[in-house]
Every structure is written in structure tokens, then in C-alpha cells.
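The residues making up each chain are set out below.
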Amino acid sequence: QVQLVESGGGLVQPGGSLRLSCAASGSIVSIAAMAWYRQAPGKQRELVATITYSGTTNVADSVKGRFAISRDNAKKMVYLQMNSLKPEDTAVYYCNANIYTSTYAWGDYWGQGTQVTVSS
């Protein structure tokens, strides 16, 4: 079984910073692209940032210049550094990964989601 476990969410004031972490575990052969999504109340889930195996990144325009995605392949982890947080960043953040398992099957996996609340 494959599991993604997130940590680092919480309550932060506008202008503050948080770093989200997501650890993958289980019968993993390799992990291709990894990503962070978020879903705010009353809105659809949106893609925040992506990162390839080799480290090529892309971030959404709404967070460009404020957020950065990174990964550690040895640790099977992906991170989202969030700076200059705004109230509109408040959402449940989800970790996503495309994983090749020991059964030789590619699968799309999701974390449980972690709440990020930006409020004074």
C-alpha cells in the first residue's frame, strides 16, 4: 500500500510563512511528478504547484513569487514553502503524486489534506 502523509498546516497571520511537508511511504518503486493542490471553501480544487522527478517546477500565477515547491527523492518527500501568506490562501492543501508501485502499476495518490488558515 502507498500512503501520503502531510504535515505543517495550521493558523498563520497574513504575511506569515508556513512550510508544508508530504511524505510518501509503502511499496514504491519510483515517484514521477508531485504536486500540491488546494481547495478553498465554495471553490473548486486548484493546482498550486508541480515538480518533476528531476526538479523542474511550475507554480500557479496566484502564488507565483510567494510559494515554492521542492522535493527530496531520497526521502520521498515533497515540500511547499509558503511565504507572504494572504487570507485568500486559506484552503485545504492536498499532496499529490504519480507513483510506480512494486506491482508495476502507475497510480495517482493523494494525501488526506491539511488545513491552512491565514487570518488575523
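Residues numbered from 1 in each chain as written. Predicted model: local features only at pLDDT ≥ 70, side-chain atom pairs only at ≥ 80, totals over all residues. Heavy atoms only, no water.

1. Side note on the overall build of the chain
A tally of helices and strands in the chain yields 0 helices and 11 strands. Over its C-alpha atoms the chain spans a radius of gyration of 14 Å, differing by no more than 12% from the 14 Å that the globule rule assigns to 120 residues. Each principal axis of the C-alpha distribution contributes one length, and for the chain these read about 45 × 25 × 25 Å. For the chain, buried positions account for 41% of its 120 residues. The contacts in the chain between residues at least 6 apart in sequence include a share of 56% that link residues at least 24 apart. Surface exposure of the chain reaches about 6,300 Å², of which carbon and sulfur atoms provide 49%. (Helix = DSSP H or I, 4+ residues; strand = E, 2+ residues; numbered from the N terminus. Rg over C-alpha atoms; globule rule 2.2 N^0.38 Å. Buried < 20%, exposed > 50% of the residue type's maximum accessible area, 1.4 Å probe, protein only. Contact = heavy atoms within 4.5 Å. Areas by Shrake-Rupley, 256 points an atom, 1.4 Å probe, with all protein chains shown as cover.)

2. Considerations on the packing of aromatic side chains
This model, assessed by the stated rule, comprises 4 aromatic pairs. Measuring from ring centre to ring centre gives 4.9 Å for Y37 and W110, while their planes differ by 55°; the resulting arrangement is tilted. You can see Y37 sitting in strand 4 (residues 28-39) and its partner W110 sitting in strand 10 (residues 106-110), a full 73 residues away along the chain. Looking at Y37, the relative accessible area reads 21%, which means it is partly exposed. Looking at W110, the relative accessible area reads 35%, which means it is partly exposed. Of the aromatic side chains, those joined through ring pairs into one cluster are Y37, Y94 and W110. Between the NZ or CZ atom of R19 and the centre of the ring of Y79, over which it lies, the distance is 4.1 Å. The ring of W110 carries R45 above its face, with NZ or CZ at 5.0 Å from the centroid. (Phe/Tyr/Trp six-rings, centres within 6.5 Å; stacked < 30°, edge-to-face > 60°. Lys NZ or Arg CZ within 6 Å of the ring centre and 35° of its normal.)

3. Re the sheet that holds strand 1 (residues 2-7)
The antiparallel open sheet is built from 4 strands, whose spatial order is 1-3-8-7. On the outer flanks of this sheet lie strand 1 and strand 7 (67-72), each paired with one strand and no other. Between one strand and the next, the sheet's axes are offset by a mean angle of 15°, whatever the strand orientation. In this structure, strand 3 (residues 18-26) lies alongside strand 8 (residues 77-82), joined through 6 bridges in antiparallel fashion. Bridge pairing in strand 8 places L20 opposite L80. (Pairing = 2+ DSSP bridges. Axes fitted to C-alpha atoms, helices over the stretch in contact; angles between N-to-C directions.)

4. A look at the pairing of strand 3
Along a regular strand, successive side chains alternate from one face of the sheet to the other. With 6 bridges joining them, strand 1 and strand 3 adopt antiparallel strand pairing. Paired with L4 across the two strands is A24, which belongs to strand 3.

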